[in-house]
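# Structural description and commentary
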Amino acid sequence: MELFSHNLTSLFEQLGLDSSPQAINLFVTEHKLRGGENLHDATFWQPSQQRFLSEALNEDADWAEAIDLLDTLLRKTH
């Protein structure tokens, strides 16, 4: 069994986004989730990104921890 440890940098790379620390900080600053909005339903994702996020969470894939962290960061109010 292979164990993978994915972080925000690798998640951003997987999503095809700039994964530099500055780009991640800017993304989190510029994008927010509303109330009970699911991360994968946010309008700022491309369809392929939405599909990846949804499937990874539904399957409790190796990516789930990094996705949960991104979800938390996008819900912070400040």
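Keep in mind it's a predicted model, so treat the numbers as computed, not measured.

## With respect to the overall build of the protein chain
Looking only at helices and strands, the protein chain features 4 helices and 0 strands. Along the chain direction, N to C, the helices and strands of the protein chain fall in the order α-α-α-α. A globule of 78 residues ought to have a C-alpha radius of gyration of about 12 Å, and the protein chain, at 12 Å, matches this closely. In the protein chain, once contacts between residues fewer than 6 apart in sequence are set aside, the share between residues at least 24 apart is 57%. Counting only carbon and sulfur atoms, one obtains 48% of the accessible surface of the protein chain, whose full area is about 5,300 Å².

## Brief notes about helix α3 (residues 47-58)
Here α3 contains 12 residues, and its C-alpha end-to-end distance of 16 Å stays within 8% of the 16 Å for a straight helix at 1.5 Å per residue. Where α3 is concerned, the buried positions are Gln-49, Phe-52, Leu-53, Ser-54 and Ala-56. Contacts from the buried residues of α3 go to α1 (8-14) and α4 (64-75). Phi turns positive one or two residues past the end of α3, at Asp-60, with a value near 50 degrees.

## Some details on the environment of Arg-75
Note on placement: Arg-75 falls in helix α4. Along the sequence, Arg-75 and Ser-10 sit 65 residues apart, while their C-alpha atoms lie 20 Å from each other. Residue contacts for Arg-75: discarding those within four places in its chain leaves Leu-33, Arg-34, Gly-35, Glu-37, Asn-38 and Leu-39.

## Comments concerning the packing of aromatic side chains
Counted under the stated rule, the structure contains 5 aromatic pairs. When the ring of Phe-27 is compared with that of Phe-44, the centres are 5.7 Å apart and the planes differ by 80 degrees; the resulting orientation is edge-to-face. Of this pair, Phe-27 sits in helix α2 (residues 21-30) while Phe-44 is found in the loop between α2 and α3, placing the two residues 17 residues apart along the sequence. For Phe-44, a relative accessible area of 22% gives the class partly exposed. One aromatic cluster is present, built from ring pairs that chain together Phe-12, Phe-27, Phe-44 and Trp-45.

## Considerations on the packing of α3 against α4
Closest axis-to-axis distance for the α3/α4 pair is 9 Å, and the angle between their directions is 120 degrees. Classified by the angle between their axes, α3 and α4 sit oblique to one another. In terms of crossing hand, the pair formed by α3 and α4 is left-handed. Touching Phe-52, Leu-53, Ala-56 and Leu-57 of α3 are Ala-64, Ile-67 and Asp-68, all from α4. Split by residue class, the contact of α3 with α4 holds 6 nonpolar, no polar and 1 charged.

Calculation criteria
Here the residue numbers are simple positions, counted from 1 along each chain's written sequence. With the structure being a predicted model, the display of local features is reserved for residues of pLDDT at least 70 and the display and counting of side-chain atom pairs for 80 or more, all residues being used for whole-chain, interface and lining totals. Hydrogen atoms and water are omitted, and side-chain values are computed over all heavy atoms in the structure. Strands here are runs of E lasting at least two residues and helices are runs of H or I lasting at least four, both read from the DSSP assignment and numbered beginning at the N terminus. Computation of the radius of gyration draws on C-alpha atoms alone. For the globule rule, the value is 2.2 Å times the number of residues to the power 0.38. We call two residues in contact whenever any of their non-hydrogen atoms come within 4.5 Å of each other. Note that accessible areas follow from Shrake-Rupley with a 1.4 Å probe, and for residues the cover is restricted to the protein chains shown. Here, expected helix span is obtained from the residue count minus one, scaled by 1.5 Å. The rule is simple: take the accessible area with a 1.4 Å probe, protein chains only, and divide by the maximum for that residue type; under 20% is buried, over 50% is exposed, in between is partly exposed. Pairing of aromatic side chains here covers Phe, Tyr and the six-membered ring of Trp, requires ring centres within 6.5 Å, and sorts the geometry by plane angle: under 30 degrees stacked, over 60 edge-to-face, intermediate tilted. Fitted lines through C-alpha atoms give the axes, limited to the stretch in contact for helices. The angle between two N-to-C directions lies from 0 to 180 degrees. Comment on the angle field: the value is read as roughly parallel under 35 degrees, roughly antiparallel over 145, roughly perpendicular from 65 to 115, and oblique elsewhere. In a left-handed crossing the near helix is turned counterclockwise from the far helix by less than a right angle, and in a right-handed crossing that turn is clockwise. When residues are grouped by polarity, Ala, Val, Leu, Ile, Met, Phe, Trp, Tyr, Cys and Pro land in nonpolar, Asp, Glu, Lys and Arg in charged, and all others, Gly among them, in polar.

Keep in mind that these numbers describe shape and distance, not what the molecule does.
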